[in-house]
Amino acid sequence: MKADREITNLVITGFSGTGKSAVAKEVARRLSWDFLDTDDEIVERAGKPIAGIFRDCGEDKFRELERETIKRACRQRQTVIAIGGGAIVDPQNYELLARNGLIVCLEARPETIHERLFREAARSPQAEVRPLLAVDNPLERIRELKASRQPYYAKADWTIHTDGLSISEVAKEVIRAWRLLSSASDDTPIVIARHGMPKQSQEYSAPGLPRSARNDTRKTARRDSDKDTACLVETATQSYPIYVGYGLLDKLGEKMRQAALAGTATIVSDENVFSLYGKRVEQVLRDAGFGVNSFVVTPGEETKTMDSAVRIYDFLVEHRTERHDIIVALGGGVVGDLAGFVAATFLRGVPWVQVPTSLVAMVDAAIGGKVGVNHPEGKNLIGSFYQPSLVLVDCETLTTLSQRELTSGWAEVIKYGFILDKEFFEFLESNVSKLTKLEPKLLTRAIARSAAIKARVVSQDEKEREGKRIILNYGHTIAHGLETATRYRRFLHGEAVAIGMMGAARLSQRLGVLAADAVERQEALLQRFGLPISLRAQTVDRRRGKKGSRRELGLVAITKAMEVDKKVKGKAIHWVLLEDIGRAVVRSDVPQQDVLAVLRELAKP
Ligand SMILES: NC(=O)c1ccc[n+]([C@@H]2O[C@H](COP(=O)([O-])OP(=O)(O)OC[C@H]3O[C@@H](n4cnc5c(N)ncnc54)[C@H](O)[C@@H]3O)[C@@H](O)[C@H]2O)c1
Ligand SMILES: [Zn+2]
C-alpha cells in the first residue's frame, strides 16, 4: 500500500471523451468491485440531465451537487469511481478523493476527444448536444478548456494516454497501475504511453512532482531536495521504468527487486567508474539479496569491440551465468552499449539494467535499447535493439565526471529543448549557472525531463522504422561529418553536435524557416553552457598545407563524410531543421550550396 494513505477506491478522472465511465465500469468488472459514476448520480438526484442543471440552476448549483456526491462516493470501499471532467479542479474534491483513493487520469489529444464526442453525439442524436460541441469551434474550445484543467489533471497518481487504445486496453492499464502503486514506494513511474505525450507540466510544477508533495513528511532532509522522478518507456517489446534521482544508487537493489529481478548480477563497468562507485554498487546489490560478480574494462571508445564482448562472454560462462541472471551496466555510453550487446546475445538474451553515469549516457545512450560494438571499419556497425529491465540514473555521479565530458553532455540536453520542448529550453536558459554547477534539484529535473523526452520518442518509434526518431539527429548530420573528417580525434560527440546544431539552425534561417532571433538564442545558450558554436581553430589540420586551403580542405572532407553518413537515404540528406525553438522539421530538399555556405560561415575566424 502507498505508505501515506490507504487505497480503498480507484478514481478515474480526465477530460470529457477520454472514456472515464466505460473504463471505470470495465475496471470494476475485472476487479469485481462496485462502480459509481458521479455524473449519473447527480442526474438521478436532480431528475434532469447535466445540461439541464447548468441551464436551469447554473454551474454553481451543479458543482455543489457534485461535491455532495463525491463526499458520499468517498465513503465507499472497493469502488471504481468515475468523476466528472471538472470535479478535480475543486481542491476539496481533490483532497477527499486523494485521501482514500488512487487517482488515475485518462488523457487523450484534443483531436481524439473531439472525434469521440462527435461520434457519440451522432450515435444518439436525441441526447442533448454536449455543451462542448455546441460552440462555433468545438476543437478550439476543447483545447482551451483542457489546457486550463491540465495542472489539476497533473495531480493524478497515474496518467494513461488513451489515444489509439480500446476501453479494455485502458482498463488493463488502470489495473496495472493500481497493482504497481499499491505495492510500490512513492517514487513510482509516470506513464508515457506508446501513443501519448508526457505532460509538459509534470517535471516543472513546483515544488516538484505533485505526487511527491504529499510524501514530503516521510523524506529525510537529503531526499527532500531530490524527489526521485521517473518515466516509463513503452515499446512493443518491453515496458520499463527510468528512475532519475540524486543519490539513487543506494536504491538500485530495491528497484531491481521491484522489477522482479533475482539471481546473480554481473556488474560491467570501466576502471574510472568502478573505482568510484563499484564497491558501493556491489554492496547495495548484495544487501538486496543478489549474488554479485564484477567485470571491469579499460575506459574509452576503443573498448567497445567484439573482443571485449568475447571476454565478457568468457567471464559469464566461467561464472556459470544463467538465463535469469542479470547484467548491470555501470558507466558511460561505452559500457552501456557494450554490456547491453552482451546481454542481448548471451544465452540469446539475459535481463539487464542500465546505470548510466555520464551525462551523455543518462539523457541519451541509456534510453532506447540501442546496443552494440564498433567494427574496425565503422562505429556501431554490429548491434541490436534490446531493452533493459530498468534504467536508474543517479545524478550525483556527475559530480565526478570530467568538466569536458559534462559540457559535451549538455549539448544533447539542450538539443531536446530545441527540437521538442520550448518550455524546457526556457527552463535551461533561466538556470544555466545552477545547472552547470550541478545544483541537485535543478540538475535532476533537467535530466528527468531529457530522459522523458527521449523515452517518448523511442516509445513511438522503437526501431527507427517510422521516421520519428530522426528528429533526435538534429545537429548530427554535420556532427558526424565533423567527427569522421577528424577521425573522432578532435571533438567529443557533444561538441560536434553543438557546432552541428548551429549549422542546422543557420541552414534553417537561410531557407527562411527559422527567425534570426531564434538562431541567436540557440547560439547564446550553447555558449553559456561552454559549448563550441563554430569550427574556427578546430578546422585547422596541423599536418597539412597553408591555413586557407586547410580550411577549405576541411569543409570538403566534412561534406564528403556527411554524404556517406547513415542518415542519407537514397541521394538526399534528410536534414533535421527548426521552424521554431521546440519545433523540428525534416527536409530532404536542402541545396548543396546552402550547406556549403553554412559550413563556410561556421569556419569563419
Ligand atoms: N545506444 C545509444 O543510443 C547511444 C546514444 C549516444 C551515444 N552512444 C554511445 O555512447 C558512447 C559515448 O558515451 P559517453 O560519452 O558516456 O562515453 P564513455 O562511456 O567513454 O564515458 C566517458 C568517460 O567518462 C568516464 N566516466 C563516466 N561516468 C563517470 C563518472 N560518473 N565519474 C567519472 N568518470 C566517469 C568514463 O570512464 C570515460 O572515460 C559512444 O560509444 C556512443 O556511440 C550510444
Ligand atoms: Zn548524439
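How each quantity is defined
Residues numbered from 1 in each chain as written. Chains lettered and ligands numbered in written order. Predicted model: local features only at pLDDT ≥ 70, side-chain atom pairs only at ≥ 80, totals over all residues. Heavy atoms only, no water. Phe/Tyr/Trp six-rings, centres within 6.5 Å; stacked < 30°, edge-to-face > 60°. Lys NZ or Arg CZ within 6 Å of the ring centre and 35° of its normal. Donors = N, O, S within 2.8 Å, 3.2 Å for Na, K, Ca; no water. Helix = DSSP H or I, 4+ residues; strand = E, 2+ residues; numbered from the N terminus. Buried < 20%, exposed > 50% of the residue type's maximum accessible area, 1.4 Å probe, protein only. Expected span 1.5 Å × (residues − 1). Near = heavy atom within 4 Å. Polar contact = N/O pair within 3.5 Å; in protein donor to acceptor, adjacent residues only side chain to side chain. Areas by Shrake-Rupley, 256 points an atom, 1.4 Å probe, with all protein chains shown as cover. Axes fitted to C-alpha atoms, helices over the stretch in contact; angles between N-to-C directions. Parallel < 35°, antiparallel > 145°, perpendicular 65-115°, else oblique. Left-handed = near helix turned anticlockwise from the far one by under 90°. Contact = heavy atoms within 4.5 Å. Nonpolar A, V, L, I, M, F, W, Y, C, P; charged D, E, K, R; others polar. Salt bridge = Lys/Arg side-chain N within 4 Å of Asp/Glu carboxyl O. pLDDT = per-residue confidence, 0-100. Pairing = 2+ DSSP bridges. Core = buried A, V, L, I, M, F, W, Y, C linked by side-chain atoms within 4.5 Å.

The next point concerns the packing of aromatic side chains. Within the structure shown, the criterion is met by eight aromatic pairs. Each ring, one from Phe-418 and one from Phe-425, has its centre 5.5 Å from the other, and the planes form 45°; the classification is tilted. Of the aromatic side chains, those joined through ring pairs into one cluster are Phe-418, Phe-425 and Tyr-474. Lys-155 extends its terminal NZ or CZ atom over the ring of Tyr-94, reaching a point 4.3 Å from the ring centre.

This brings us to the coordination of the zinc ion (ligand 2). Protein-derived ligands of the zinc ion (ligand 2) are Glu-412 (OE), His-476 (NE2) and His-493 (NE2), with the metal-ligand distances lying across 2.0 to 2.1 Å. Motif for the zinc ion (ligand 2), donor spacing along one chain: E-x63-H-x16-H. Placement of the pair is Glu-412 in helix H16 (residues 403-420) and His-476 in helix H20 (residues 476-485), with a sequence separation of 64 residues. Here Glu-412 and His-476 have matching classes, each one buried.

A separate point is helix H1 (residues 20-31). Working note: α-helix, 3.6 residues per turn, so residues spaced by three or four point in the same direction. Across its twelve residues, H1 extends 16 Å between first and last C-alpha, which sits within 8% of the 16 Å expected from 1.5 Å per residue. If you check which residues of H1 are buried, you get Lys-20, Val-23, Ala-24, Glu-26, Val-27, Ala-28 and Leu-31. Positive phi shows up at Ser-32, right after H1, with a value of about 55°.

Taken together, 25 residues lie near ligand 1, and Asp-270, Glu-301, Gly-333, Thr-357 and Ser-358 sit nearest. Taking Asn-272, its side chain carries an N or O atom lying 2.9 Å from an oxygen atom of ligand 1. Contact between ligand 1 and Lys-379: an oxygen atom at 3.2 Å from a side-chain N or O atom of the residue. With the chains in place, 86% of the 860 Å² that ligand 1 exposes on its own is no longer accessible. The set of elements that each furnish at least two residues to the shell around ligand 1 consists of helix H12 (271-287), helix H14 (333-345), helix H15 (359-365) and strand S13 (378-385). Sort the elements by how many residues they give to the shell around ligand 1 and H12 lands first, with four residues.

The subject of this paragraph is the side chain of Gln-522. With respect to the element layout, Gln-522 can be found in helix H22 (residues 516-528). On the basis of relative accessible area, Gln-522 is assigned to the buried category, the value being 0%.

Where H16 contacts helix H19 (residues 440-460), the two axes come as close as 10 Å, and the packing angle between them is 60°. Compared by their axis directions, H16 and H19 come out oblique. Here H16 and H19 pass one another in a crossing that is left-handed. Residues Trp-410, Val-413, Tyr-416 and Leu-420 of H16 lie in contact with H19, whose contacting residues are Leu-443, Ala-446, Ser-450, Ile-453, Lys-454, Arg-456 and Val-457. Broken down by class, the residue content of the contact of H16 with H19 amounts to eight nonpolar, one polar and two charged.

This part takes up the pattern of salt bridges. As enumerated under the stated definition, the model contains 35 salt bridges in all. Two residues, Arg-176 and Glu-173, come together in a salt bridge whose shortest N-O distance is 3.0 Å. Remark: Glu-173 and Arg-176 occur in helix H8 (residues 167-183); sequence separation between them is three residues, near one turn of the helix. Judged by its relative accessible area of 28%, Arg-176 falls in the partly exposed class.

Now for the confidence of the model for the chain. Taken over all residues, the pLDDT of the chain has a mean of 84, while the share at 70 or more is 85%. Note that pLDDT drops below 50 for residues 184-227; the model gives that stretch 116 contacts with residues more than four away or on any other chain.

Turning to the sheet that holds strand S5 (residues 158-161), a few remarks are in order. Across a sheet, strands are paired by hydrogen bonds formed along the backbone, either parallel or antiparallel in direction. One open sheet holds the five strands; their spatial order is S2-S3-S1-S4-S5, and the pairing between them is parallel. The open sheet terminates on both sides in strands that have one partner only, identified here as strand S2 (34-37) and S5. Looking at each pair of strands side by side, their axes are set apart by 20° on average, direction ignored. Strand direction decides the pairing type here: strand S1 (residues 9-14) and strand S3 (residues 79-82), joined by three bridges, are parallel. Looking at the pairing, Val-11 lines up with Ile-81 of S3.

Counting 83 residues, the largest nonpolar core has Ile-242, Trp-410, Leu-428 and Ile-447 as its most contacted members. With eleven residues, the top contributor of residues to this core is H19.

Here we come to the pairing of strand S4 (residues 101-107). Across the seven residues of S4, seven count as buried, placing the element largely inside the fold. Burial of the side chains of S4 extends over both faces: Gly-101, Ile-103, Cys-105 and Glu-107 are buried on one face and Leu-102, Val-104 and Leu-106 on the other. Two strands pair when backbone bridges link them, and S1 and S4 are joined in this way by six bridges, in the parallel orientation. By the bridge assignment for S4, Leu-10 is matched with Leu-102. One ladder, built from four bridges, connects S4 with S5; its direction is parallel. Paired with Glu-107 across the strands is His-161, a residue of S5.

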